Structures are given as C-alpha cells and as structure tokens.
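Observations on chain architecture
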Amino acid sequence: MATLELQGVVKSFGANIVLDGIDLDVQDGAMVCLIGASGSGKSTLLRCMNLLEPIDDGMILLDGNDISTPGLDPQPVRQRIGMVFQSFNLFPHMTAVENVMLAPRRVHGKSREALLPNVADLFERFGLADRMGHYPDQLSGGQQQRVAIVRALAMTPEIMLFDEITSALDPELVGEVLDVLRALREEGMTMVLATHEMGFARELADKVCFLDQGVIFEEGPPDRVFSAPERERTREFLRRVL
Amino acid sequence: MADLQANRAARSAARREPTRRQIYEGKVRRRSLTIAAASTLAVVAVLIVAIPLAPGWAAVKKSFFNPDVFAKTFPGLLNAFLLDVAIFAWCAPAIAILGLAIALCRDVRAPALYPLRLFGILYTDIFRGVPVILVIYLIGFGVPGLGLPRPWNSPYLWGSVALILTYAAYVAEVFRSGIESIHASQRSAAASLGLSSADTMRYVILPQAVRRVVPANMNLFIALQKDVALLSFIGPVEIFRQAGVYKSLLANFTPYVGAALIFLAVTIPATRFADHLMQKQMRERS
C-alpha cells in the first residue's frame, strides 16, 4: 500500500492550460473522488498520475519519492499504479484471460500456468468465471469494464486510478461495475476516481475534490462538500448534476 | 396468453399479404431490371454488329482469335505459367517479411536507431519512386554483370530480388498505415499496465494492425502476380515470354490472348476475394 502526493502540478496542451497548480494528498487506503464538469481536468490529472502525460511543473510523490522527474523510466511506476479507462481499452484480438495475463507474463516473466490460479480467482470474484475465454466483443460493456479492472489488478498495483469507468455504460450495467469498486474499497485498496456517480462518491469516498478550470476548487469529506459546499461555483455544479 | 397468440397469428397471416411498400418496391425493382437488361442488350448488339464492320476485322480475327493456334499453344502457356506461380510463391513471403521490417524501421523512436529510421524513409521513397521495370533492368542486368559465378548470376534470382525490393516498399507503407490506424488508447492501456514499448508493439499493436491491412496487402499481391511477367525482359521463359516464342513460331498473336485469359483466371477470383474481405471489414468496423 502506498500514498500519493501532488504538489503544484501544472499541465498544458499548447496554449491550453488544463491543470493549473494541483495540490492533492491521497492517503494509504483512502478513496478520493474527483468531480467536476467535462473538461475540468479530471482525466488529465489521472493520466498525469499514471505518467501517461508528462507534467510541465510541480511534483508527484509516490511514498515520498518524486516520480515526475523528467527522464525517469515510467514503467516501474506504472506497475505500482493501475489504471482503468472510460472506454475499457481491452485488447480486442485477445480473449479476456489473455488480456489479463499479458502484462504479468511479459513484465513479471511469469508463465500462464503459474498465473492461472490467481487470475481464475480474480475472474471468479468479480462474477466473470464463465467469461474467461470470451473475446471483448462477445462481452457486455459492464463485463468488459470488469475485465479491464481485473487486468489492472492482476499486476497487483498499490494504487488504482479509475477514469470515469461507468460513463460509457448503459444505466442498467453501472451497478455491477460500482459493486466491484465497493469490494475493492472494503479490501482497503487506495483509489482515485474521476466520476459522475455522485451518489456513489457520497456513499464511499473519504474525500471529494471539485475540479474547475484546472484547479481543485473545493475539497473535503463527501458529506460536507455535497450538503454544505462553501463555494458558489461548487453549489452551482451540484445543482446541475444532482 | 391465448389472446397474445391469437394476435400474433393474425399479424403473421397479415404478413403473408404484401404490404403497400412491398408492392411499390417490387414494381420499382422490375422496372429497373427491364431497363438494365434492355440497355445491356443494345450495347452488346452494337458491338457485335459494329466491330466486324471495321476494315481490318478479318485480319485481326485471324491473328488474335485463331482457335487452332489457341488449342495448340494453350497447354504450353499453362506450363510456362507455373514458373510465374513459382516466382510469385517465393517472392510473396520475402516481401511480407521485408515490408514489415521496413515499416517497423520507420516507427523506431530511439535516437541511437535514427539511421534505421532514415533508411526506412529513403527505402520507401526510392523504391516507390522508380518504375518496377527499371529496377528489374538495373538489378537483373547490373548485378550479374559483376561476373559472379553460377548460380549467383541467375536472372531468376536477381529478377526476384528486384520484385521483392520494389513490392516491399509498398507493403511497408500499407503496414505503416495499419500501425497508425490503431487508436492511441490501446497504447495508453498497454503503457498503464507497465508493458515496454517493444512488447506493446509486438503483442498489442502489430497483431491488430496486420489483420486490419490484409485486404490492402492482398491487392498488392494481385498486382505482384501480374508484374512477375516483367521478368521476361531479363530472360526467364515465363508465360509472357513463352507467348512471344509461340507468336514468332506461328506468326500469330493468339497466344497473347491465351496468356491474358490465364492471368484473368487467377486475378479475378483473387480480386473478388480481396473485395469481399474489405467489405466484411468495413461492416465489422461500422
């Protein structure tokens, strides 16, 4: 388990400043939810934490070590931080179980046989035992997203990042994916979510951060942020989405 | 329950009666078919009547469509075509491998490997920019001209090399377009799992890219099958050359028509199959 700390993170694409000085503290075992309108920088923030986007300024500390040093090899860091995407991004030419085993096989050098018991357990736990041999296009959106979560978990990450993972799902499939998150929460996984599921954030988050125009405009425990937001802009956003 | 079933039965009975729309569409279809058939018949009739009216038709018919010559030369042509097939068969895998290698060269990002990248760019520029027949002449006559011992002076060898070098450049571009067509989110997903960029290319990007460009590559290989005939200019007695031999022997052009028919017998089914694959892929992607 690990902690993640962001200090004054700045990220721009050309002239467009997407993150404008983000300070964020993710405690070991905590669940932090990022909320805010589309384009407020939630996804970019998660991609920066996973080193998929280099940051322009500031620092990202994993267990107190700066992982945002320019030129640092991102691979070992990404093995400790898992990420799940809005559009699943499963590899369409591989079965579900091959999707899950690829990274442990190539990165940890383990054989399929050695991996299978653990991987089968993960599939079993998330109700996918009979879907291991299916290709992504033979699975429903909810199943695909659960496979994507299993794929990230198979690398035994210490922190998991979830980028609006229910936004591309039909409403009746959202629940099964949120249940997976609930289970991970109970196990004490450290998680950062960008989400539009306000009810879910309110129920389970330790901390909710409202992003607006690239800054964390307001943050705090969910009860306070949702029922007594201090800033007018937060109130306005919540009025629109709740 | 009984009600529901009765309802459904009534509806399916009604379905047997054509709807207004079906009657209208049937009428339109019959009309289109009639017009298409009539206009095709008219064109064919004009051709059949008009061509024999040309002043030289009797001579052309004798020297291009002579059934006796056709029957006499066709087996020999078919036999010579086996050489075309053989040359194609050993060139095609070499082209696929070299083409893929060149495509990967153009994708390397490491600065130390920049010469590879430069090589990939120059290679595709040069071999796509020069006519195939010129490459065949330069390599097919040039290299054996160095006075190498047998079998290293064979026109079969250097002619094949010329085809391989030229076609690999086109195949490389097709592979590269396939690699670039894979969405960036696939690379993101692979990177987020901690996969190296080499593993990402090998296990995630390439398998998808290669599958996606199969139809485009098939079209290139159909073109290759035809261009094998160009090797006749530097020596090998394949079908085109064999037809030329028969022409001189019998003072008749019919062997060329026979050769054309043999090529068509191979390329038309292959083209149809490539089109079928392409359409299937388009349906899957939409």
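Going by the structure above, here's the rest.
Here is what the cut-offs are and how they apply
Residues numbered from 1 in each chain as written. Chains lettered and ligands numbered in written order. Predicted model: local features only at pLDDT ≥ 70, side-chain atom pairs only at ≥ 80, totals over all residues. Heavy atoms only, no water. Helix = DSSP H or I, 4+ residues; strand = E, 2+ residues; numbered from the N terminus. Contact = heavy atoms within 4.5 Å. Buried area = accessible area lost by both parts, 1.4 Å probe. Salt bridge = Lys/Arg side-chain N within 4 Å of Asp/Glu carboxyl O. Nonpolar A, V, L, I, M, F, W, Y, C, P; charged D, E, K, R; others polar. Core = buried A, V, L, I, M, F, W, Y, C linked by side-chain atoms within 4.5 Å. Buried < 20%, exposed > 50% of the residue type's maximum accessible area, 1.4 Å probe, protein only. Pairing = 2+ DSSP bridges. Disulfide = S-S within 2.5 Å. Phe/Tyr/Trp six-rings, centres within 6.5 Å; stacked < 30°, edge-to-face > 60°. Axes fitted to C-alpha atoms, helices over the stretch in contact; angles between N-to-C directions.

**Section: the environment of Arg-105 of chain A**
All names here are of chain A.
- As for its placement among the helices and strands, Arg-105 is situated in helix H3 (residues 96-108).
- Distance from Arg-105 to Leu-115, taken between C-alpha atoms, is 8.1 Å for residues ten residues apart in sequence.
- Sequence-distant contacts of Arg-105, defined by excluding residues within four places in its chain, comprise Glu-98, Lys-110, Arg-112 and Leu-115.

**Comments concerning the interface of chain A and chain B**
- Listed per partner, the contact involves 22 residues of chain A and 18 residues of chain B.
- Both faces combined, the contact of chain A with chain B buries some 1700 Å², and carbon together with sulfur accounts for 60% of it.
- Area buried by chain A at its contact with chain B is led by Phe-91, His-93 and Arg-106 of chain A, which between them contribute 33% of it.
- Run the count over chain A and chain B and you get one salt bridge.
- Arg-106 of chain A is paired through a salt bridge with Asp-199 of chain B; the nearest N and O atoms lie 3.3 Å apart.
- Elements represented by at least two residues in the side of chain A that touches chain B include exactly helix H2 (74-80), strand S6 (81-84), H3 and helix H5 (141-153) of chain A.
- Of the residues forming the side of chain A that touches chain B, the biggest block, four residues, is contributed by H3 of chain A.
- Along the lines of polarity and charge, the residues of the side of chain A that touches chain B split into 13 nonpolar, five polar and four charged.

**Observations regarding the nonpolar core**
Residue and element names in this part refer to chain A.
- With 51 residues, the main nonpolar core has Phe-123, Ile-149, Met-160, Phe-162 and Met-191 as its most contacted residues.
- By residue number, the principal contributor to this core is helix H6 (residues 171-186), which donates seven residues.
- Discounting residues that sit within four places of it in the chain, Met-160 has contacts with Gly-82, Val-84, Ile-149, Ala-152, Leu-153, Met-189, Thr-190, Met-191 and Val-192.
- By size, the runner-up hydrophobic cluster in this structure holds 49 residues, among which are Val-26, Leu-52, Ile-60 and Ile-159.

**Concerning the pairing of strand S3 (residues 31-35) of chain A**
All names here are of chain A.
- Of all five residues that make up S3, five are buried, and the element is covered over most of its length.
- Bridge analysis of S3 against strand S8 (residues 190-194) gives four bridges, and the strand direction is parallel. Across the sheet, the residue bridging to Cys-33 is Leu-193, located in S8.
- Note that S3 and strand S9 (residues 207-212) share four bridges and pair parallel. Bridged to Cys-33 within S9 is Val-208.

**Digging into the pattern of salt bridges**
- Under the criterion given, the structure shown has 25 salt bridges over all chains.
- Here Glu-218 of chain A ties to Arg-224 of chain A by a salt bridge, and the two come within 3.2 Å at their closest N and O atoms.
- Looking at Glu-218 of chain A, the relative accessible area reads 4%, which means it is buried.
- The partly exposed category is assigned to Arg-224 of chain A, whose relative accessible area is 25%.
- Ionic contacts of the salt-bridge type, sharing partners, join the residues Arg-106, Arg-128, Glu-173, Arg-176 and Glu-180 of chain B into one network.

**Observations concerning unusual backbone geometry**
- Between Arg-150 of chain B and Pro-151 of chain B the backbone carries a cis peptide bond, its omega angle lying at 0°.
- Along the chain, Pro-151 of chain B turns up in the loop between helix H6 (132-142) and helix H7 (155-181).
- Non-glycine residue Thr-156 of chain A carries a positive phi angle of around 45°.
- Within the secondary structure, Thr-156 of chain A is located in the loop between H5 and strand S7 (159-163).
- What makes Thr-156 of chain A exposed here is its relative accessible area of 60%.

**A few points about the sheet that holds strand S5 (residues 65-66) of chain A**
Residues and elements named next belong to chain A.
- Read from one edge to the other, the open sheet built from four strands follows the order S2-S1-S4-S5, with strand pairing classed as antiparallel. Every other strand in the sheet has two partners, leaving strand S2 (16-26) and S5 as the edge strands with one partner each.
- Relative to S2, strand S1 (residues 4-13) is paired through eight bridges, and the arrangement is antiparallel. From the neighbouring strand, Glu-5 faces S2, where its bridge partner is Asp-25.

**Things to note about the state of the cysteines**
Residues and elements named next belong to chain A.
- For the structure shown, the criterion picks out zero disulfides over all chains.
- With no disulfide of its own, Cys-33 lies 8.8 Å from the sulfur of Cys-209, the closest cysteine sulfur.
- Overall, the relative accessible area of 0% leaves Cys-33 in the buried class.

**As for the packing of aromatic side chains**
All names here are of chain B.
- Inspection of the entire model under this criterion finds 14 aromatic pairs over all chains.
- With 5.4 Å between their ring centres and 85° between their planes, Phe-81 and Phe-263 make a pair best called edge-to-face. Linking Phe-81 in helix H4 (residues 67-105) with Phe-263 in helix H12 (residues 254-285), this pair joins segments that are 182 residues apart in sequence. Across this residue pair, the class does not change: Phe-81 and Phe-263 are buried.

**Some remarks on the sheet that holds S8 of chain A**
Residue and element names in this part refer to chain A.
- Taken in spatial order, the six strands make up an open sheet running S6-S7-S8-S3-S9-S10, and their pairing is mixed. In this open sheet, the two edge strands, each paired with only one partner strand, are S6 and strand S10 (215-220). Within the sheet, the average angular offset between the axes of one strand and its neighbour, ignoring direction, is 20°.
- Across the face of the sheet, H6 comes into contact with S3, S7 and S8 while running at roughly 150° to S8.
- Against the sheet, helix H9 (residues 232-241) contacts S3, S9 and S10, and its axis sits at roughly 100° relative to S9.

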